[in-house]
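Chain and residue survey
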Amino acid sequence: MRVSAVVVGVACGAFAGFAMAQDNVQKLMNMNTTGASLDIESVPQTGPQADNIKRNLENIKLPPGFKIALYAVVPDARHMAVGPSTGVVFVGTRKTKIWSVTDRTKARVADDVKRFAPSVTMKVPNGVCFSRDGMLYAVEHNRVLVYPAAEFFYEGPDVAAGIVVPQGELVPVTEESFNHGARACRVGPDNKLYITLGNPFNVPSAEKAEIYGKNGMMGIVRMDQNGQNREVYAQGVRNSVGLDFNPDDKTLWFTDNQVDGMGDDIPPGELNRATEMGQHFGFPYYGGGDVKTVEFKDAEVPVDVVFPQVEMDAHAADLGMTFYSGQMFPEQYRGGIFSAQHGSWNRTTPVGARLMFTSLKEDGTADTTEVFAEGWLSPNNEYLGRPVDVAVLPDGSLLVSDDYVGAIYRISYEGE
C-alpha cells in the first residue's frame with residue numbers, strides 16, 4: 001500500500017484534523033494502537049424508532065410469498081458490503097462513519113450495530129465493497145482505504161488498515177464538491193477495484209467536461225487493488241451510485257442519474273451495461289437515454305455512444321444495484337438485477353422510493369423491468385423511507401438500506 005505524506009506545521013483546525021487522521025492511519029498500518037476508547041459507539045435496536053419503522057413496513061407491497069422486516073436500525077445507512085466469511089454487514093454513510101451490523105445467532109435480525117474503525121477520521125465513506133479474499137475497501141469523498149480482515153478486527157476501535165489512494169488523489173482537490181461526492185465500488189472478476197465518480201454539476205461546462213472526462217469524474221475508474229495502474233474504464237456517466245458485475249458473462253452494469261430541470265418526465269434514468277473498457281455512455285451530450293441536453297445540443301457527439309439497457313422513470317434516482325446470486329427466491333429472480341430507487345426531488349409529483357427488478361435475456365441483455373417492492377412513498381406523497389442499496393445475505397435473502405429513516409430491511413421468501 002502507498003503511504004501518504006503527513007501534513008505538518010499547519011495551524012488551521014481542518015488541516016490539523018486531517019493530519020491527525022493520517023497519523024492514525026499510519027499507526028494502524030504499522031499495527032500500533034491509537035489510544036482510541038474501547039467504549040465503541042453503538043445503536044439501540046429496540047425502542048420507539050424501531051417500532052415506528054416496523055409499523056411503516058406494513059405499507060410495503062411485495063409479490064406473493066415475500067416478506068419484509070426490519071433487520072437493523074443504522075443511522076444514515078447507504079451502501080452495504082456483506083462479509084464473505086461471517087456475513088457481518090458493513091454500511092457506509094454520506095457523513096463520517098461506517099457501521100458494522102452483526103447477526104450473531106443467525107436469527108436474521110441484527111444483534112448489535114456498532115461504529116467501525118472509530119480511530120479513523122472519515123469523510124463521506126459511502127462506498128464499501130469486499131474482495132473475494134476478505135479485503136474491505138472503503139471509498140471516501142477523496143480517498144480510498146482498505147481494511148484487511150475487517151470481519152475479524154471490527155470489534156475493536158483499532159483495525160488493520162492500508163492506503164490505496166491517498167487523501168486528495170482520487171479526484172483533483174480543486175474539483176472536490178459537496179454535490180455528487182458519494183462513491184460506489186466493486187472488485188471485478190479481474191480482481192481490479194472499480195469506483196464510480198460523479199461530476200459535481202447538473203451539466204458541466206465544456207471546459208469542465210473535458211477535465212472530468214480525462215480524470216474519470218464523468219465515469220467509472222478502475223485500478224489494481226493497491227491503487228496502481230489507474231485508468232478510466234467507462235466515460236460519459238453523469239453520476240453513477242451503483243454498480244455490479246454479471247457473474248455469468250462478467251459484464252459491468254451500473255445505474256446513472258439523469259439531468260435535472262428538463263421536465264417531470266424527461267430524461268429517463270438509466271441502467272447501463274459495459275461490455276468492454278473505453279465505452280462512452282452519452283453524458284453530457286445526452287441528459288438521459290437519447291434526450292439531448294440544451295447545453296450540448298449543437299456539440300459533436302462521440303461515435304458509438306452506448307445507450308441504456310433500461311430506461312427508468314425520470315428523476316426516480318436509481319442508486320444501488322446487485323445481481324441476485326442467492327437460492328431463496330424463486331427461479332424467475334435468480335441471475336436478475338435488483339436496484340433501488342431513492343425517490344425524486346426534481347418532480348412536481350414524486351416518483352420512486354421503491355425496488356425494481358430487471359430480468360435478463362439469454363444473450364445477457366436486459367429483458368423486462370418491473371416494480372418489486374413499493375410503499376415507501378405514501379398516497380399523499382410523503383416519504384416513509386428512501387431505499388439506497390441492495391445486497392444479498394448468505395441465506396439468499398435481500399437487504400435494503402434506507403438513509404432517510406436510518407435502517408436496513410430484510411426481504412425473504414416464504415412461499416405462496
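Right, let's walk through the structure included here. Each chain carries its own residue numbering, running from 1 in the written order of its sequence. Local features in this predicted model are restricted to residues whose pLDDT is 70 or higher, and side-chain atom pairs enter the listing and the counts only when it is 80 or higher, whereas totals over whole chains, interfaces and linings include all residues. Only heavy atoms go into the side-chain values, all of them from the structure, while hydrogens and water stay out.

Another point: the pattern of salt bridges. Throughout this description, the term salt bridge denotes a Lys or Arg side-chain nitrogen within 4 Å of a carboxyl oxygen of Asp or Glu. Scanning the model with the defined rule gives 23 salt bridges in all. The partner of E155 in a salt bridge is K114, and the shortest N-O contact between them spans 2.7 Å. Taken as a pair, E155 in the loop between α3 (150-153) and β9 (162-165) and K114 in strand β5 (residues 112-116) lie far apart in primary sequence, 41 residues in all. Using a 1.4 Å probe on the protein chains alone, a residue whose accessible area is under 20% of its type maximum counts as buried, one over 50% counts as exposed, and one in between counts as partly exposed. Taking the relative accessible area as the measure of exposure, K114 reaches 15% and is therefore buried. Because the salt bridges share partners, they merge into one network encompassing R104, D112, K114 and E155. Put simply, DSSP marks the helices as runs of H or I at least four residues long and the strands as runs of E at least two long, and each gets a number from the N terminus on.

Across the junction of I266 and P267, the peptide omega takes the value -10°, indicating a cis bond. With respect to the helices and strands, P267 occurs in the loop between β15 (252-256) and β16 (269-274). Here F283 and P284 are connected by a cis peptide whose omega angle stands at 5°. Assignment of secondary structure puts P284 in the loop between β17 (279-280) and β18 (286-288). Phi is positive for H180, which is not a glycine, with a value near 60°. Note on placement: H180 falls in the loop between β9 and β10 (185-187). Of note, the phi angle at N381 is positive, near 65°, even though the residue is not glycine. Note on placement: N381 falls in the loop between β24 (366-373) and β25 (387-392).

A few words now on the layout of surface pockets. Picture a little ball the size of a water molecule; that probe, rolled over the atoms, points out where space is still empty. Of the pockets and cavities examined, the largest pocket occupies roughly 840 Å³. Residue lining of the largest pocket: 30 residues in total, with V82, F130, R186, D244 and S325 positioned closest to the centre. Among the elements of the structure, β2 (80-82), β6 (127-130), β10, β14 (243-245), β21 (318-323) and β25 are those that each provide at least two residues to the lining of the largest pocket. The calculated volume of the second largest pocket comes to roughly 590 Å³. Points on a 1 Å grid, built from protein atoms alone, make a cavity when a 1.4 Å probe fits but cannot get out and make a pocket when they are open with protein on both sides within 12 Å along at least 5 of 7 lines; residues with an atom within 4 Å of a point are the lining residues. Lining the second largest pocket are 27 residues; nearest its centre among them are R94, N179, H180, N239 and W345. For the lining of the second largest pocket, the residue count by class is eight nonpolar, 14 polar and five charged. Grid points are joined across faces, edges and corners, and a volume is the space filled by probe spheres set on the points. Gly is put with the polar residues, along with every residue not named as nonpolar or charged; the nonpolar set is Ala, Val, Leu, Ile, Met, Phe, Trp, Tyr, Cys and Pro, and the charged set is Asp, Glu, Lys and Arg.

Here we come to the sheet that holds β17. Any two strands with at least two DSSP-identified bridges between them are counted as paired. Spatially, β10-β11-β12-β13-β17 is the arrangement adopted by the five strands of the open sheet, whose pairing is mixed. Both edges of this open sheet fall to β10 and β17, since each of them pairs with a single strand only.

Tracing the backbone through its elements, the reader meets A314 in the loop between β20 (310-312) and β21. For A314, a relative accessible area of 5% puts it in the buried group. In this structure, the C-alpha to C-alpha distance between A314 and N257, residues 57 residues apart in sequence, is 8.9 Å. A contact between two residues is defined here by any heavy atoms of the two lying within 4.5 Å. Setting aside anything within four residues of it in sequence, one finds A314 in contact with Q258, D264, D265, I266, P267, P268, G269, R347 and V351.

Before going further, it helps to spend a moment on empty space enclosed by the protein. Applying the stated criterion across every chain, the model contains four cavities of 30 Å³ or more. In this model, the largest cavity occupies a volume close to 60 Å³. Considering the residues around the largest cavity, the lining is formed by G236, R238, D256, N257, Q258, E270, F281, G282, F283, Y286, G287 and G288. By residue number, the principal contributor to the lining of the largest cavity is β18, which donates three residues. Partitioning the lining of the largest cavity into residue classes produces three nonpolar, six polar and three charged. Estimated volume of the second largest cavity: approximately 40 Å³. Along its surface, the second largest cavity is lined by H141, E175, E176, S177, N179, H180, G181, R183, G198, P200 and M217. Here the lining of the second largest cavity is composed, by residue class, of two nonpolar, six polar and three charged.

Bringing the environment of H315 into the picture now. Mapping H315 onto the fold places it in the loop between β20 and β21. The exposure class assigned to H315 is buried, which follows from its relative accessible area of 3%. Between the C-alpha atom of H315 and that of L38, which follows or precedes it by 277 residues, the distance is 44 Å. Under this definition, polar contacts are N or O atom pairs within 3.5 Å; protein pairs additionally need one hydrogen-donor-capable and one acceptor-capable atom, and for neighbouring residues in sequence, both atoms have to be side-chain atoms. Among the polar contacts listed, one links the side chain of H315 to the side chain of Q258, at a separation of 3.3 Å.

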